[in-house]
Amino acid sequence: MSDPFENVDAASPQMIDIIAAGLETRAADEDMLPVIDEYLGLLNLPEGGCIVDIGSGTGGITRRIADRFPAASVMGLEPSAALTQKAIDLAGDRPNLTFSVGDGAALDLEDAVADVAILHTVLSHVSNPEPLIAEAVRILRPGGTLVICDADFSKAMMGIVPGDPLGSCCEAFVAGSVTDPWLAGKLKPLVGKAGVSVSHFSVRNRVVTSGMGALALVRMSGARLVADGVIGQPLADALEAEYLRRAEAGTLYSFLPFVTLLATKPSA
Ligand SMILES: C[S@@+](CC[C@H](N)C(=O)[O-])C[C@H]1O[C@@H](n2cnc3c(N)ncnc32)[C@H](O)[C@@H]1O
């Protein structure tokens, strides 16, 4: 099974809608916001600086960045035309925010134009992260900051007992929708090879015990297993119903660590 995030536009319209809704829910989720706000709080941005969000999806996080830094110009670049259109539709009238289609491995930007380049849950979905990191570093001005935030999917869990169907659903998500579940542990050496020096590395657990924050994982996994002929729609519906039942009953437990790394491009 290939990771649908590697080429979102090749997915079915139903899957693109599930992905888009899932990204929007996650970007606004109270369990996710501390992860985002931690790295935004560490940024030292000059007045009128430039922030590039690479792999911006529907722009949920990019909008938060634009609101937090109203004097900065914030650019979301995303290879999927479908997600970029949704990002443009959702952007509102923020004067400091733009979205366009672009591949993180070959950015259509001059060298040294950005003060901050962000890759938020992008690298675990690509088969070769090195060109994306190299491009992010290339567009940074000397002294600029690279931010990488990604889930450590190798530790993802939703089961509450051995053999729990929701646990299996989570495993199926990682197997079918994440290219490198072990990326988090490789980040430090990867950015070291790109010539930047790590200034911050932290891990925060995202634990969802209520609400819809992790429902997209169950939806994506179910839709994928149905499309691949592994399960039928009634089982996919039942998995979603079980998520909702647990959220209501207070027995939901979804666990996923997020790693945040900041690195500085050396001054020339
Ligand atoms: C899990 S989503 C994260 C989206 C957004 N950063 C967020 O957190 O809401 C992964 C994103 O990486 C994008 N992506 C995949 N390959 C990419 C590439 N080569 N360059 C830039 N983005 C890429 C996908 O299209 C998708 O929007």
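Look up: the structure comes first, before these words.
Predicted model only: the values in this text are computed from it and were never measured.

1. Looking at the nonpolar core
The nonpolar side chains of soluble globular proteins are, as a tendency, buried together.
Here comes step 1: The biggest cluster of nonpolar side chains holds 58 residues, and the ones touching the most others in it are Tyr39, Ile51, Ile65, Met158 and Tyr243.
Here comes step 2: Once residues within four sequence positions are removed from consideration, Tyr243 is found in contact with Met158, Leu166, Val208, Gly211, Met212, Gly213, Ala214, Leu215, Val218 and Leu252.
Here comes step 3: Grouped together as the second largest cluster of nonpolar side chains are 30 residues, Leu107, Val122, Ala136 and Val137 included.

2. With respect to the site of the ligand
Here comes step 1: For the ligand, the set of nearby residues contains 19 residues, the closest of which are Arg26, Gly55, Glu78, Gly104 and His120.
Here comes step 2: At 2.8 Å from a nitrogen atom of the ligand is found a main-chain nitrogen or oxygen belonging to Gly104.
Here comes step 3: The fraction of the free accessible surface of the ligand (590 Å²) that becomes covered by protein chains is 95%.
Here comes step 4: Its atoms largely coinciding with the cavity grid, the ligand occupies the largest pocket.

3. Things to note about the layout of surface pockets
Here comes step 1: Of the voids in this model, the largest pocket is the one considered here, and its volume is about 870 Å³.
Here comes step 2: Forming the boundary of the largest pocket are 47 residues, of which Phe5, Leu23, Arg26, Thr121 and His125 lie nearest the centre.
Here comes step 3: Put simply, the parts of the chain that give the lining of the largest pocket at least two residues each are helix 1 (13–28), strand 1 (50–54), helix 3 (60–68), strand 6 (197–208), helix 8 (215–227) and strand 7 (254–264).
Here comes step 4: Among the elements that line the lining of the largest pocket, the one with the most residues is helix 1, at 5 residues.

4. A few points about the packing of aromatic side chains
Here comes step 1: Counting across every chain of the model gives 2 aromatic pairs.
Here comes step 2: A ring pair is formed by Phe153 and Phe173, whose centres lie 6.1 Å apart and whose planes are at 50 degrees; its orientation type is tilted. You can see Phe153 sitting in the loop between strand 5 (140–151) and helix 6 (165–177) and its partner Phe173 sitting in helix 6, a full 20 residues away along the chain. Pair check on accessibility: Phe153 and Phe173 agree, each one buried.
Here comes step 3: Taken together, a centroid distance of 6.5 Å and an interplanar angle of 15 degrees make the contact between Tyr253 and Phe255 stacked.

Conventions we followed
Residues numbered from 1 in each chain as written. Predicted model: local features only at pLDDT ≥ 70, side-chain atom pairs only at ≥ 80, totals over all residues. Heavy atoms only, no water. Core = buried A, V, L, I, M, F, W, Y, C linked by side-chain atoms within 4.5 Å. Buried < 20%, exposed > 50% of the residue type's maximum accessible area, 1.4 Å probe, protein only. Contact = heavy atoms within 4.5 Å. Near = heavy atom within 4 Å. Polar contact = N/O pair within 3.5 Å; in protein donor to acceptor, adjacent residues only side chain to side chain. Areas by Shrake-Rupley, 256 points an atom, 1.4 Å probe, with all protein chains shown as cover. 1 Å grid on protein atoms, 1.4 Å probe; cavity = no way out; pocket = protein on both sides within 12 Å on 5 of 7 lines; lining within 4 Å. Sits in = over half its atoms within 2 Å of the grid points. Points joined across faces, edges and corners; volume = space filled by probe spheres on them. Helix = DSSP H or I, 4+ residues; strand = E, 2+ residues; numbered from the N terminus. Phe/Tyr/Trp six-rings, centres within 6.5 Å; stacked < 30°, edge-to-face > 60°.

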